[in-house]
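# Descriptive structure summary
Spelled out, the chains give:
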Amino acid sequence: MRGYPHKKLPEEIGGLTNLKLLDFTSESVEEVPSTEIGKLSNLEELYMQCCWGSSVEGSEAVRAREEAKACFEQLIGLLDLHILKVFISDVNFMPSIVSRDPGWEKFDICIHRDWLIRRRQLDSSSSPVYSRVLTLDMSMDTLQKWFVDFVAKKTEKLQYIQCPDLCILTEYDLGKLHELKYLSVIRSDENLKELMSVTGIRNEPVFQNLEELHLDQLHSLEKLCVGELPTGSLINLRLLKVRRCHKLMNAFESNLLQRLQKLENLSCEVMDGLKYVFSSEGSELEQGTLPKLKEMRLDNLVNLIKIWNGPASFRIFDHVKVLVVLQCSKLKNIFTYDEADNLLNLEDLSVEACKDLERVIDASEEKVRSKIVLPKLKKLSLKNLSKLTRFYGSTGNATRDEDEENIEFPLLKYSDVQRCHSFNSPAKKKLDSMIPNSFIRNTCQTKISTIKRREEVWKGRRYGHQ
């Protein structure tokens, strides 16, 4: 019955007492006969991602709410029901008191007033990676206690979309979110200025099982963490993605960095206010910070001045294999000498459209003659870097070409340098000489073939041939 085209589900459905799976996911269904749902005593899987009760207003709204409550009470009474996927437009559609755990082993429940948001979850939340998914437009203190105890507490993937008055640590406490592995916060209100604010004394770790954290369009967010998170917090976080949080100036400060010991993938995208990706005011960090970080993407950070801001970089790039830097207009270099000297695992480096970038590695005059070796670099891409003059050099020593010879790429297999018109140093010549002849030949043949195809298409159009 998926895609059922009518407004009301037929009452005859209650006669299918041996039915084990029912799917009436549909944009049309608005009314579900509660008394009939309760008759499906053998039902094991129910998919009712539809817009039931969402379009009624006035006096009809009261009736729809009572009907929805009755429907939910019937669902909870289905003892064999183990898989539930449902859209709910109003939290009041659920009963206030439920005495027994419904026992849903797998669920995908979206409680949101906006039908378009609910509709988008059909594709995004159907991933088999997480079997217990909850999407909300409200905080935990708005939900019924039974729902928090029997559903939220078991949630693996939690998404807050357009949720007002959100305090993440309070949500963790109220929702008892100890099993949470994936957290997404999207388009919160202007009150969310600090994602995690630690007040008072906290002894127990928070989000200790969280593996992915996604933040998007939090337009008032100024700090990711204020205060000290207890030891063990975020200990399993592997992926962190921050997008369109325009008031965030220092993304990862020392109090948060020291908790991200298993972070593998970091992405910062489209943030106008970000000046530093990492920062530390003192020496409280230990060497080997972010020991598992393998991939990092910095994209469209138009005011980024430095990747690291502080007295020392604490070798944050030691284990990075892939680094992508795109459209970071104010960035003048990617690495300092000390950082580059520890790039022992970097395999893929892509830098593109950073209009103020002058060199990839910047060194002091004292260190610029020292050799830099990128022992595992296999792929290098430099594109649209109009001010790039040297790959490795010093601002105060920029005219000595011999300095450029102090860098080696022993395993480099692919080098792509395009529209870097000021990049004519010996390092550029070295990169050109290292490109295999087969790559040059294949690239030229591809371009020639493309030109020929375009000419054929043009001639065909001109003379009316296919």
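Residues numbered from 1 in each chain as written. Predicted model: local features only at pLDDT ≥ 70, side-chain atom pairs only at ≥ 80, totals over all residues. Heavy atoms only, no water.

So, about the overall build of the protein chain. Looking only at helices and strands, one finds nine helices and 25 strands in the protein chain. Buried residues in the protein chain amount to 49% of all 466 residues. Excluding contacts between residues fewer than 6 apart, the proportion of contacts in the protein chain whose partners are at least 24 apart in sequence is 77%. (Helix = DSSP H or I, 4+ residues; strand = E, 2+ residues; numbered from the N terminus. Buried < 20%, exposed > 50% of the residue type's maximum accessible area, 1.4 Å probe, protein only. Contact = heavy atoms within 4.5 Å.)

As a further point, take the state of the cysteines. Going through the model one piece at a time under the given rule, you end up with zero disulfides. We note that Cys268 lacks a disulfide partner, and the nearest cysteine sulfur, in Cys245, lies 9.3 Å from it. Cys268 gets classed as buried once you look at its relative accessible area, which sits at 0%. (Disulfide = S-S within 2.5 Å.)

Moving on: unusual backbone geometry. The phi torsion at Arg244 lies on the positive side, around 50°, for a residue other than glycine. Of note in this structure, Arg419 is not a glycine but carries a positive phi near 50°. As for its position among the elements, Arg419 is in the loop between strand S25 (414-418) and helix H8 (426-434).

Looking now at the pairing of strand S19 (residues 348-352). Buried residues dominate S19, accounting for four of its five residues. Summarising the sheet, strand S17 (residues 322-326) and S19 pair through five bridges and their orientation is parallel. Residue pairing in the sheet places Leu323 in a bridge with Leu349 of S19. Two elements, S19 and strand S22 (residues 379-383), share five bridges in a ladder whose sense is parallel. (Pairing = 2+ DSSP bridges.)

A word on H8. Within the span of H8, buried status applies to Pro426, Ala427, Lys428, Lys430 and Leu431. Residues of H8 that are buried make contact with S22, strand S23 (390-393), strand S24 (407-408) and S25.

Turning to the sheet that holds strand S12 (residues 250-253), a few remarks are in order. The parallel open sheet is built from three strands, whose spatial order is S12-S14-S16. At either end of the open sheet lies a strand with only one pairing partner, and these are S12 and strand S16 (306-309). Going from strand to strand, the sheet's axes swing by 20° on average, the running direction of each strand aside. Pairing analysis gives three bridges linking strand S14 (residues 276-279) to S16, with the strands arranged parallel. Of the residues in S16, the one forming a bridge with Phe278 is Trp308. (Axes fitted to C-alpha atoms, helices over the stretch in contact; angles between N-to-C directions.)

The next thing to look at is empty space enclosed by the protein. Scanning the entire structure with this criterion turns up two cavities of 30 Å³ or more. Here the lining of the largest cavity is composed, by residue class, of eight nonpolar, no polar and no charged. The computed volume of the second largest cavity comes to approximately 30 Å³. Lining the second largest cavity we find Leu224, Cys225, Asn250, Ala251, Phe252, Glu253, Asn255 and Leu256. (1 Å grid on protein atoms, 1.4 Å probe; cavity = no way out; pocket = protein on both sides within 12 Å on 5 of 7 lines; lining within 4 Å. Points joined across faces, edges and corners; volume = space filled by probe spheres on them. Nonpolar A, V, L, I, M, F, W, Y, C, P; charged D, E, K, R; others polar.)

Let's shift gears to helix H5 (residues 168-175). Because each turn of an α-helix spans 3.6 residues, side chains separated by three or four positions end up pointing in the same direction. For H5, the set of buried residues is Ile168, Leu169, Glu171, Tyr172 and Gly175. The arc enclosing the buried residues of H5, seen along the axis, measures out at 160°, which places them on a common side. Contacts made by the buried residues of H5 are with helix H4 (145-150), strand S6 (157-161), strand S7 (182-186) and strand S8 (194-197). Of the residues flanking the end of H5, it is Lys176, one or two places downstream, whose phi is positive at about 50°. (Arc of directions from axis to C-beta.)

Let's shift gears to the pattern of salt bridges. The tally for this structure, following the rule as stated, stands at 21 salt bridges. For Lys145, the salt bridge goes to Asp149, with nearest N and O atoms at 2.7 Å. One end of the pair, Lys145, and the other, Asp149, are both in helix H4, four residues apart, so they sit about a helical turn from each other. Classification of Lys145 as exposed rests on a relative accessible area of 61%. When the shortest N-O distance is used, the salt bridge between Arg297 and Glu269 registers 3.7 Å. Of this pair, Arg297 sits in strand S15 (residues 295-299) while Glu269 is found in strand S13 (residues 265-269), placing the two residues 28 residues apart along the sequence. Relative accessible area serves as the criterion here: at 31%, Arg297 is assigned to the partly exposed category. Ionic contacts of the salt-bridge type, sharing partners, join the residues Asp216, Arg243, Arg244, Glu269, Arg297 and Asp299 into one network. (Salt bridge = Lys/Arg side-chain N within 4 Å of Asp/Glu carboxyl O.)

What the three strands build is an open sheet, ordered S18-S20-S23; its pairing is parallel. Each edge of the open sheet carries a strand with a single partner, namely strand S18 (335-336) and S23. The pairing of S18 with strand S20 (residues 359-362) spans two bridges and is parallel. Its bridge partner lying in S20, Thr336 is registered against Asp362.

Formed by 125 residues in total, the largest nonpolar core has its most connected members in Phe252, Phe278, Phe335 and Phe391. By residue number, the principal contributor to this core is helix H2 (residues 59-76), which donates five residues. (Core = buried A, V, L, I, M, F, W, Y, C linked by side-chain atoms within 4.5 Å.)

The next thing to look at is the packing of aromatic side chains. What the rule picks out here adds up to seven aromatic pairs. Ring centres of Trp146 and Phe147 lie 5.6 Å apart, and the angle between their planes is 85°; on these two criteria the pair is classed as edge-to-face. Assessed through its relative accessible area of 4%, Trp146 is described here as buried. Here the aromatic residues Phe252, Phe278 and Trp308 are joined through ring pairs into a cluster of three or more. Positioned above the aromatic ring of Tyr414 is the side chain of Lys379, whose terminal nitrogen or guanidinium carbon lies 5.5 Å from the ring centre. (Phe/Tyr/Trp six-rings, centres within 6.5 Å; stacked < 30°, edge-to-face > 60°. Lys NZ or Arg CZ within 6 Å of the ring centre and 35° of its normal.)

Along strand S9 (residues 212-216), four of the five residues are buried, which leaves the element largely enclosed by surrounding structure. As paired strands, S7 and S9 are joined by five bridges and run parallel to one another. By the bridge assignment, Tyr182 is partnered in S9 with Glu212. By the bridge criterion, five bridges tie S9 to strand S11 (residues 239-243) in an arrangement that is parallel. Bridged to Leu215 within S11 is Val242.

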